[in-house]
Amino acid sequence: MVVHIVTFKFKDENKKTNIIQAKQMLENLMGAVPTLRSIDVGLNFSAEERAMDMSIITVFESKEGLDVYAEHPEHLKVVDFIKTVVEYSKVVDYERP
């Protein structure tokens, strides 16, 4: 199994609205991308300065499945939107048994 984790720091402009829209778009990928086994979208409640605004944890059978997800047209629509509303993001990919 491959786990793909991304955290996002959103721009201040329309922040709450953009977070909600991004969450819905990401959750809609379940069922739309055949290699996506699970997705968990979390919204931050921590007030720490180092905190990010949103995270996703996705699971795939293999690295190839992650590659299919990365290039899937529905995922690319989400990426295009998120690029316009986030300051930056961070990613971690790892394999688990």
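Caption draft 1: Layout of the packing of aromatic side chains. Applying the stated rule across the entire model yields two aromatic pairs. With a centroid separation of 5.0 Å and 55 degrees between ring planes, the pair formed by Phe60 and Tyr69 is classed as tilted. According to the relative accessible area criterion, Phe60 is buried, its value standing at 0%. Judged by relative accessible area, Tyr69 falls into the buried class, the value being 1%.

Caption draft 2: Geometry of helix 2 (residues 63–71). When we look at burial in helix 2, the residues that qualify are Gly65, Leu66 and Tyr69. The arc that holds every buried residue of helix 2, seen down its axis, measures 100 degrees, which confines them to one face. Opposite its buried face, helix 2 presents the exposed residues Glu64 and Glu71, each directed more than 90 degrees away. Those residues of helix 2 that are buried are in contact with strand 1 (2–10), helix 1 (15–27), strand 2 (36–43), strand 3 (54–60), helix 3 (73–85) and strand 4 (86–95).

Caption draft 3: Representation of the sheet that holds strand 4. Taken together, four strands build an open sheet; the order of strands is 2-3-1-4 and the sheet is antiparallel. Of all strands in the sheet, those with a lone pairing partner are strand 2 and strand 4, marking the two edges. Strand after strand, the sheet turns through a mean of 15 degrees between neighbouring axes, direction not considered. Helix-sheet contacts for helix 1 involve strand 1, strand 2 and strand 3, and the interaxial angle to strand 2 is about 165 degrees. Packing against the sheet, helix 2 makes contact with strand 1, strand 2, strand 3 and strand 4, and its axis sits at approximately 130 degrees to strand 3.

Caption draft 4: Structural context of the side chain of His72. In this fold, His72 is placed in the loop between helix 2 and helix 3. Classification of His72 as buried rests on a relative accessible area of 16%. Those residues within four positions of His72 in sequence are excluded, and the remaining contacts are Ala32, Val33 and Pro34.

Reading the values: rules and limits
- Counting starts from 1 at the beginning of each chain's written sequence and moves along it residue by residue.
- Side-chain atom pairs in this predicted model are given and counted only at pLDDT of 80 or more, local residue features only at pLDDT of at least 70, and totals for whole chains, interfaces and linings cover all residues.
- To get the side-chain values, all heavy atoms of the structure are used, and hydrogens and water are removed first.
- Aromatic pairs are defined between Phe, Tyr and Trp rings, using the six-membered ring for Trp, whenever the two ring centres lie within 6.5 Å; interplanar angles under 30 degrees are classed as stacked, those over 60 as edge-to-face, and all others as tilted.
- Under the scheme applied here, a residue whose accessible area is under 20% of the maximum for its type counts as buried, over 50% as exposed, and between as partly exposed, the area being computed with a 1.4 Å probe on protein chains only.
- A run of H or I in DSSP counts as a helix once it spans at least four residues, and a run of E counts as a strand once it spans at least two, with each numbered from the N terminus.
- The arc in question is the one spanned by the directions pointing from the helix axis to the C-beta atoms.
- Contact between two residues is taken to exist if any of their heavy atoms lie within 4.5 Å; hydrogens are not considered.
- Here the rule is simple: two strands pair whenever DSSP picks up at least two bridges between them.
- In this description, a line fitted to the C-alpha atoms serves as the axis of each element, helices being fitted only across the stretch in contact, and the angle between N-to-C directions of two axes falls anywhere from 0 to 180 degrees.

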